[in-house]
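# Analysis of the macromolecular model
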Amino acid sequence: MTTPAPLAGRRILDLGAFCAQRPHALAASMAARICAGYGAEVVRPLPPGGEPFSADAPLLPDGASALDRFINAGKTSGAPSGSFDAAIGDRVALAAHAARVKVKACLSLFGPGEEEPPVTELGVAALSGLLGIVGEAMPAPPSRLAGHQVSYAAGLAAVTALLAALHGSGEEEVDVSLLDVCAWLNWKVAAGVLVMGTAPERRADRVTWFTVPCADGHVALVYQEKDWPPLRDLIGDAGLDDPRFASNASRGANRAALLEIIGPWFAARSRAEITAAAQARRVPIGPVSWPEELLDDAQYRARGFLGPDGMPSLPVSWDGQRLPLRATPGAPPTRAPRGGKPLSGVRVVDLGWITAGAASSTMLLDLGADVVKVEGPGAPDPFRIWDGAKAGGDWWNHCPFFNFTNRGKRSVCVDLKNPHGREVVLRLLEGADVLVENFRRGVLASFGLDAAELRRRFPRLVIASISSQGETGPDRLMVSYGSTLEATAGLAALSGAGEAPVITGRDVNYPDQVVCLFASGAIIAALEERERTGQGAHLDLSQRELTSFLLGEEFLAAAAGAPSPRRGNQDPAEPGESLEPDGKGGWRVVAHGTSLPVRSGTDLAAAADFARGTAVLRSPDGTPAKGIPFRFRRRPLVVEDSCHALGADNAAVLREAGFTSEQITLLEQEEVLGTRPRKAAG
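Everything in this summary refers to the structure shown in the same document. (Residues numbered from 1 in each chain as written. Predicted model: local features only at pLDDT ≥ 70, side-chain atom pairs only at ≥ 80, totals over all residues. Heavy atoms only, no water.)

Here we come to helix 7 (residues 178-185). Side chains that are three or four residues apart share a direction in an α-helix, a result of its 3.6 residues per turn. Counting buried residues in helix 7 gives eight out of eight residues, a clear majority hidden from the surface. Every buried residue of helix 7 is listed here: Leu178, Leu179, Asp180, Val181, Cys182, Ala183, Trp184 and Leu185. (Buried < 20%, exposed > 50% of the residue type's maximum accessible area, 1.4 Å probe, protein only. Helix = DSSP H or I, 4+ residues; strand = E, 2+ residues; numbered from the N terminus.)

Taken in spatial order, the three strands make up an open sheet running 17-18-19, and their pairing is antiparallel. In the strand order of this sheet, the two ends are held by strand 17 (578-581) and strand 19 (594-597), each with one partner. Averaged over all pairs of adjacent strands, the angle between strand axes in this sheet comes to 30 degrees, irrespective of strand direction. Where strand 17 and strand 18 (residues 587-591) come together, four bridges link them in antiparallel fashion. Looking at strand 18, one finds that Pro581 is bridged to Trp587. (Pairing = 2+ DSSP bridges. Axes fitted to C-alpha atoms, helices over the stretch in contact; angles between N-to-C directions.)

Moving on to the side chain of Arg11. Inspection of the secondary structure puts Arg11 in strand 1 (residues 11-14). Taking the relative accessible area as the measure of exposure, Arg11 reaches 18% and is therefore buried. A distance of 2.8 Å separates a polar side-chain atom of Arg11 from the backbone oxygen of Ser81. (Polar contact = N/O pair within 3.5 Å; in protein donor to acceptor, adjacent residues only side chain to side chain.)

Now for the environment of Phe84. Looking at where Phe84 falls in the secondary structure, it is placed in the loop between strand 3 (75-77) and strand 4 (86-90). Spatially, the C-alpha atoms of Phe84 and Pro23 are 24 Å apart, while their sequence positions differ by 61 residues. Sequence-distant contacts of Phe84, defined by excluding residues within four places in its chain, comprise Arg11, Ile12, Leu13, Val43 and Val101. (Contact = heavy atoms within 4.5 Å.)

Bringing the packing of helix 15 (residues 356-366) against helix 22 (residues 510-533) into the picture now. Running from amino to carboxyl end, helix 15 crosses helix 22 at an angle of 50 degrees, the nearest separation of the two axes being 8 Å. With respect to each other, helix 15 and helix 22 are oriented oblique. As helix 15 packs across helix 22, the resulting crossing turns out to be right-handed. Taken together, the residues of helix 22 that come into contact with helix 15 (itself represented by Ala356, Ala359, Ser360, Met363 and Leu364) are Asp512, Val515, Cys516, Leu517, Ala519, Ser520, Ile523 and Ile524. Residues belonging to the contact of helix 15 with helix 22 are distributed by class as follows: 10 nonpolar, two polar and one charged. (Parallel < 35°, antiparallel > 145°, perpendicular 65-115°, else oblique. Left-handed = near helix turned anticlockwise from the far one by under 90°. Nonpolar A, V, L, I, M, F, W, Y, C, P; charged D, E, K, R; others polar.)

The next subject is helix 8 (residues 187-196). Extensive coverage of helix 8 is indicated by the burial of seven of its 10 residues. Taken together, the buried positions of helix 8 are occupied by Trp187, Lys188, Val189, Ala190, Ala191, Gly192 and Val193. Two residues or fewer after helix 8 comes Gly197, characterised by a positive phi angle close to 85 degrees.

With that settled, consider the pattern of salt bridges. Close approach of charged atoms lets side chains of opposite charge pair. Enumeration over the complete set of coordinates arrives at 51 salt bridges. Residues Arg11 and Glu41 are paired through a salt bridge, measuring 3.1 Å at the closest nitrogen-oxygen approach. Within this pair, whereas Arg11 is found in strand 1, its partner Glu41 is found in strand 2 (residues 41-44), the two being separated by 30 residues in sequence. With a relative accessible area of 31%, Glu41 lands in the partly exposed category. When the shortest N-O distance is used, the salt bridge between Asp381 and Lys373 registers 3.1 Å. The burial state of Asp381 is the same as that of Lys373; both residues are buried. Look at the salt bridges and you will find they share partners, linking Asp14, Arg44, Glu51 and Lys75 into a network. (Salt bridge = Lys/Arg side-chain N within 4 Å of Asp/Glu carboxyl O.)

If you trace the backbone, Thr504 turns up in the loop between helix 21 (491-494) and helix 22. On the basis of relative accessibility, which here comes to 6%, the residue Thr504 falls in the buried class. For Thr504, the side chain forms a polar contact with the side chain of Glu486, separated by 2.6 Å. Within the structure, the side chain of Thr504 is placed 3.1 Å from the backbone nitrogen of Asn509, a separation counted as a polar contact. Each residue touching Thr504, except ones within four places of it in the same chain, is listed here: Val134, Leu145, Ser483, Glu486, Asn509 and Tyr510.

Summed over the entire model, instances satisfying the criterion amount to 15 aromatic pairs. Its guanidinium or amino end placed over the ring of Phe210, Arg255 lies 3.8 Å from that ring's centre, counting from NZ or CZ. The positively charged end of Arg384 is found above the aromatic ring belonging to Phe402, 3.8 Å away from the centroid. (Phe/Tyr/Trp six-rings, centres within 6.5 Å; stacked < 30°, edge-to-face > 60°. Lys NZ or Arg CZ within 6 Å of the ring centre and 35° of its normal.)

The next subject is the environment of Leu617. Within the secondary structure, Leu617 sits in strand 20 (residues 616-618). Residues Leu617 and Thr198 lie 419 residues apart in sequence; the distance between their C-alpha atoms is 18 Å. Apart from the residues lying within four places of it in its own chain, the contact partners of Leu617 are Thr623, Pro624, Ala625, Gly627, Ile628 and Val639.

Between helix 9 (residues 228-235) and helix 11 (residues 255-267), whose axes approach to 10 Å, the crossing angle comes to 60 degrees. Considered as vectors, helix 9 and helix 11 are oriented oblique to each other. In this structure, helix 9 uses Trp228, Leu234 and Ile235 to contact helix 11, whose residues at the interface are Leu258, Ile262, Trp265 and Phe266. Taken together, the residues of the contact of helix 9 with helix 11 sort by class into seven nonpolar, no polar and no charged.

So yeah, pure geometry; function would need other evidence.
See below:
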C-alpha cells in the first residue's frame, strides 16, 4: 500500500522564527509542523540569534527544549533557497522574506491592517473570553488551558486555510487572527449573548462538570441529565434523591452538599474502577491521566499514536496508516486556478452531529463546497433540541445553536434505518467527493454504510470519521464528551489554577471545537492526495489523539523522564506575566507593560475588535451565524445562506441524484423522506 503524502513535492517556508511576537511564532511553527506531517519539505530559516524556542520549557534532561524538538520535527533549518509553494509567518516576516511566494498564511492578532500591540497567549485567551469561561466557579480565578492551545489552534486554522488556498491554485494571502480563532473556539459564549440574549458564566449552577478526587488521583465527572439516573443508581446513596440534586443546575449550585455524599464513594475507588463502572452504564466519566501515564496507554499503543520517544504521530489514521514525518518527493497536482472559492465543485454529504462533524463540514461549505446535511426523522441532529429550542410549531427548525452552526447547508431528511433510505444515501454518495460523520462507532455500519464497504464501492470518496477515541483499539466504544477527552488525553491534569485539575465543561468542550479546525484541513489534504493518486481515503480522526498532539512537547518531556507539573496560569516563557483581580469582581492579564481584561461573554460581544473580526458573522436573514476563523484576501469568504428547514431540499437533492418525481413521491408516502421529527421535543 502506498503511503499517503498529500503535500509531496511541495516546499513550505516556515518563518515562525522571524515572527515578532511569541504567540504568532508558535502558531506559524505549528502550521508548518503539520505541513511537514503531510509530506511537504519545510524549510525553517533562523535569525542571527538562532532558534527562538531552543531554551523553552519543558526542558529535557540533556538541556534541550522539548518544545523545540516537537514543533520543529520534520523541518530543515537553514537559509532558504529556490522557490516555495507557500510561506507562513507574520506580516513583517512575510514582507521581508516571502514577497515572491504566491500563497501566504499571515498570523495576526486582530486581522489585516490592524495594529499589533504586545500580547501573550494568556492575553489572547483573556480578550477572546476563553480564559474567563474556564475554571472553578467564581469568585475563583479563571484557568488557562495547559500548553499552547491558543497558538496551536491558530496554527491548525492556518494550515487548513493554507491547504485550501493551495487546492484552489493561484495567488492568495490568508490572514489568521489569533483573537478570531480563540473566539471561534469559544463560540457558545458569544452566541449566548448574540443569539439567546445571555452569556454563559462561571456560575456554580453552570460549572456542573468538574474533577473529583479518588483513591489514585482524579476522575472527570461529566454527564448530561439523561446520565444522572444511572450515575445516581451506581453510587447508591438515598441522599441523592434530595430535591437539591434534581437537576444539573441545582446539583452545581449545591455542589458542596453533593460532594459530601458522593465524595466518599469516589475516594474509596480507583480511576479505573470508577471509569469501568460508569462506562458500563454509558455514563461519560473518564480518568484524569498525566502524559507520563499515557505513554503506556492501551488505546494509544494499539493505534500506534506515540513513538518510543513520546513523539505523537499526526492525529489521523489514513486508510489504517500513520503518516511518516518526512519530506516526500513528487510532483504536486497541476491545474488551472479556480475562479471561485477554493473548494467550489466539491460535494459533501454531512452526517455530522452537534459540533465535531457538523462544524467541520460548515468550514468546507465556507470554502466553497456544496454541503448536504442528512438527518433521520427518528434521529435528527441533537442540536435541534439544545438550549434555546422553542416549544410548539415547527420547533425543530428554530433551535438557535443548530441554526447558528448549520447555516447554508442543504437539508435532506431520510430514514437511514429503512433499506430504501440507505439506497438514497448511496445514490447521494455516487456524486459526492466527501462524507463527514461523527456517529457513535458502529452506528454507520448498522445502517449498512460501513466505511470499508463505502471505500470499495466509491474509490474516490474521502470519508472523514470523527470520533472520541478512533475507529480501532480497546477503548473505541468508550462514551465520551469533549471534557471527558480533556481528562483522558492529559490536558486536564496539566490545567487548573488551584489544587485540582480542571476541565472546560459543557460551555466549551474544547476537543469538540478544536477538532473541526484539524479535520477540515485533513479532508482538504485528502482531496489533494486524490488529485495525485486518483484515490479517496478513510480518515480516522480521534479527538483524544488530537488533544494529546496539542500537548506534544509534554509527551516528549515525560518520555525522557522530565514530566511537567501543573503550572496553573503561569507560562515559564513569560515570567513577567500575571493574572490579577481588576477590583471590580473580574480579572486582568498584566504583561509587557499592558493590562488586558479577562472578558465575559457580554464584554466580548460588545468589543469593537470582536465586531470587526470573523468569529461570528451574519446570515443573509440577519441572524448571527458561526463565523470563519480566517480571511482570504483575493477570494473573500462570507456566510452566503441562512439555515434551511429540516428536509427542505429533499426533492431537489434527490432529483440531482437521478430520482424521478414519482420515486420521490413514493419515498414520501412511505415516510422514508420527511420534514419533521417523529418524536416531540424533550
